[in-house]
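# Reading the structure
Each chain, written out:
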Amino acid sequence: MDKVGKYLFMSEPFHCDFSHRLFMGHLGNHLLNAADFHSTDRDFGMTYLNPIHKTWVLSRLAVEMDEMPLQYTKFFVETWVESAMKYFTNRNFRIVGEDGKVFGYGRSVWAMIDTQTRQPQDILEIHDGDIANWIEADKECPIEKSSRVKMTDKVEFVREIDTYYNDVDVNGHVNSIKYIEHILDLFGIDYYREHNIKRFEIAYVAESYCGDKLSFWREQTGDNEYCIRITKKPENEEKTIEVCRCKVVFVKK
């Protein structure tokens, strides 16, 4: 089996926005599914981990696109493990059409946690560190790694939302991609008529669960560049908890 996995997807029409191009959120789901297929095929995926009370959780994700696939376009998501450490592993992605056209790339960082204690687990203990045999360090991923999203006191509150059944995934917490969708909803549809998403990066800090109220804070940090922070305030607690930070870079159409 090759170190690089390659999985076919299609830009289904009802996964596309008004411009007939794939939503970033649905692309994110395809990336996460490709990561799961790749790890499962090589026996360190959730099929193996869940019965021993462990799972993978996404820690960071950066996606940079030249363009989004048009509806009905078939494309491949290639994915490979770039490196693996005790508590984190770096996984990359390439989104490429059937004709070889490259749409974009992604970089991600994953952690393994115990599903009962929610505490980090030693990745290298799984199958005596067999993940190291699947590392592909030489395949190019030409986009920058996730940066540290810095925000100032100029940040402004945008909105607060409730979380429900459809926000929660197989790991029992608010799904990584749902945060992306909620963040991109902070910008009006008229903005998307004039701008495309060039780069999206997000760092997950804490888990949130069904019923949590999420607050969104935004700051413009450059031309067509915005940083967003999501916080939650658990019921009957005074302390506000940061859930994640994100940076979105747009380009004019």
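The preceding data block contains the structure.
Residues numbered from 1 in each chain as written. Predicted model: local features only at pLDDT ≥ 70, side-chain atom pairs only at ≥ 80, totals over all residues. Heavy atoms only, no water.

### Quick notes on the environment of Ala-84
- Looking at the element boundaries, Ala-84 is found in strand β3 (residues 74-84).
- Spatially, the C-alpha atom of Ala-84 lies 7.5 Å from that of Ile-135, the residues being 51 residues apart in sequence.
- Those residues in contact with Ala-84 that sit more than four places away from it in its chain are Thr-89, Ile-131 and Ile-135. (Helix = DSSP H or I, 4+ residues; strand = E, 2+ residues; numbered from the N terminus. Contact = heavy atoms within 4.5 Å.)

### Focus: helix α3 (residues 176-184)
- Taken across its 9 residues, α3 has 7 buried, putting it largely inside the fold.
- Among the residues making up α3, those that are buried are Ser-176, Ile-177, Tyr-179, Ile-180, His-182, Ile-183 and Leu-184.
- Where α3 begins, one side-chain oxygen reaches toward the backbone nitrogen of Ile-177, 2.8 Å away; that side chain belongs to Asn-175. (Buried < 20%, exposed > 50% of the residue type's maximum accessible area, 1.4 Å probe, protein only. Polar contact = N/O pair within 3.5 Å; in protein donor to acceptor, adjacent residues only side chain to side chain.)

### Considerations on the pattern of salt bridges
- Taken as a whole and assessed by the stated rule, the structure comprises 16 salt bridges.
- In this structure, Lys-139 and Glu-78 form a salt bridge, with 3.3 Å as the shortest nitrogen-oxygen distance. In this pair, Lys-139 is assigned in the loop between β5 (102-114) and β6 (156-162) and Glu-78 in strand β3, connecting sequence segments 61 residues apart.
- What makes Glu-78 buried here is its relative accessible area of 6%. (Salt bridge = Lys/Arg side-chain N within 4 Å of Asp/Glu carboxyl O.)

### Focus on the packing of helix α1 (residues 24-41) against α3
- Contact geometry of α1 with α3 gives a least axis separation of 9 Å together with a crossing angle of 165 degrees. With respect to α3, the element α1 is oriented roughly antiparallel. Seen along the crossing, α1 lies across α3 with a hand that is right-handed. Residues Met-24, Gly-25, Gly-28, Asn-29 and Leu-32 of α1 form the contact with α3, whose own contacting residues are Ser-176, Ile-177, Ile-180, Glu-181 and Leu-184.
- Of the residues that constitute the contact of α1 with α3, the class distribution is 5 nonpolar, 4 polar and 1 charged. (Axes fitted to C-alpha atoms, helices over the stretch in contact; angles between N-to-C directions. Parallel < 35°, antiparallel > 145°, perpendicular 65-115°, else oblique. Left-handed = near helix turned anticlockwise from the far one by under 90°. Nonpolar A, V, L, I, M, F, W, Y, C, P; charged D, E, K, R; others polar.)

### Notes on the packing of aromatic side chains
- Applying the stated criterion across every chain yields a total of 12 aromatic pairs.
- An aromatic cluster of three or more residues is present, and its members are Phe-187, Tyr-191, Tyr-192, Tyr-226 and Phe-250.
- The aromatic ring of Trp-134 is capped on one face by Arg-42, whose charged end is 5.3 Å from the ring centroid.
- In this structure, Arg-193 is placed above the aromatic ring of Phe-18, and the distance from its NZ or CZ to the ring centre is 5.0 Å. (Phe/Tyr/Trp six-rings, centres within 6.5 Å; stacked < 30°, edge-to-face > 60°. Lys NZ or Arg CZ within 6 Å of the ring centre and 35° of its normal.)

### Thoughts on α1
- Relative to the 26 Å expected for 18 residues at 1.5 Å per residue, α1 spans 26 Å between its end C-alpha atoms, a close match to the ideal helical length.
- Every buried residue of α1 is listed here: Met-24, Gly-25, His-26, Leu-27, Gly-28, His-30, Leu-31, Leu-32, Ala-34, Ala-35, His-38 and Ser-39.
- Positive phi appears at Asp-43, one or two residues downstream of α1, with a value of about 70 degrees. (Expected span 1.5 Å × (residues − 1).)

### Focus: the environment of Trp-134
- Here Trp-134 is to be found in the loop between β5 and β6.
- Residues Trp-134 and Glu-82, spaced 52 residues apart in sequence, show a C-alpha to C-alpha distance of 8.8 Å.

### Some points on the side chain of Ser-39
- Checked against the element boundaries, Ser-39 lands in helix α1.
- The exposure class of Ser-39 is buried, given its relative accessible area of 4%.
- Dropping the residues within four chain positions of it, Ser-39 is found in contact with Phe-44, Gly-45 and Arg-91.

### As for the sheet that holds β6
- Spatially, the 10 strands line up as an open sheet ordered β1-β3-β4-β5-β2-β7-β10-β9-β8-β6, and their pairing is antiparallel. One side of each edge strand has no neighbouring strand; the edge strands of this open sheet are β1 (5-10) and β6. With strand direction ignored, the average angle separating the axes of adjacent strands in the sheet is 25 degrees.
- Pairing of strand β8 (residues 213-222) with strand β9 (residues 225-232) involves 8 bridges; the strand directions are antiparallel. Within β9, the position partnered with Phe-216 by the bridge is Ile-230.
- Helix-sheet contacts for α3 involve β2 (54-65), β6, β7 (195-204), β8, β9 and β10 (241-252), and the interaxial angle to β7 is about 135 degrees. (Pairing = 2+ DSSP bridges.)

### Some thoughts on the environment of Phe-44
- For Phe-44, the location among the structural elements is in the loop between α1 and α2 (46-49).
- Through-space distance from the C-alpha of Phe-44 to that of Phe-216 is 35 Å; in sequence the pair is 172 residues apart.
- With residues near it in sequence (within four places) discarded, Phe-44 still touches His-38, Ser-39, Leu-49, Trp-56, Val-81, Arg-91, Ile-131 and Trp-134.

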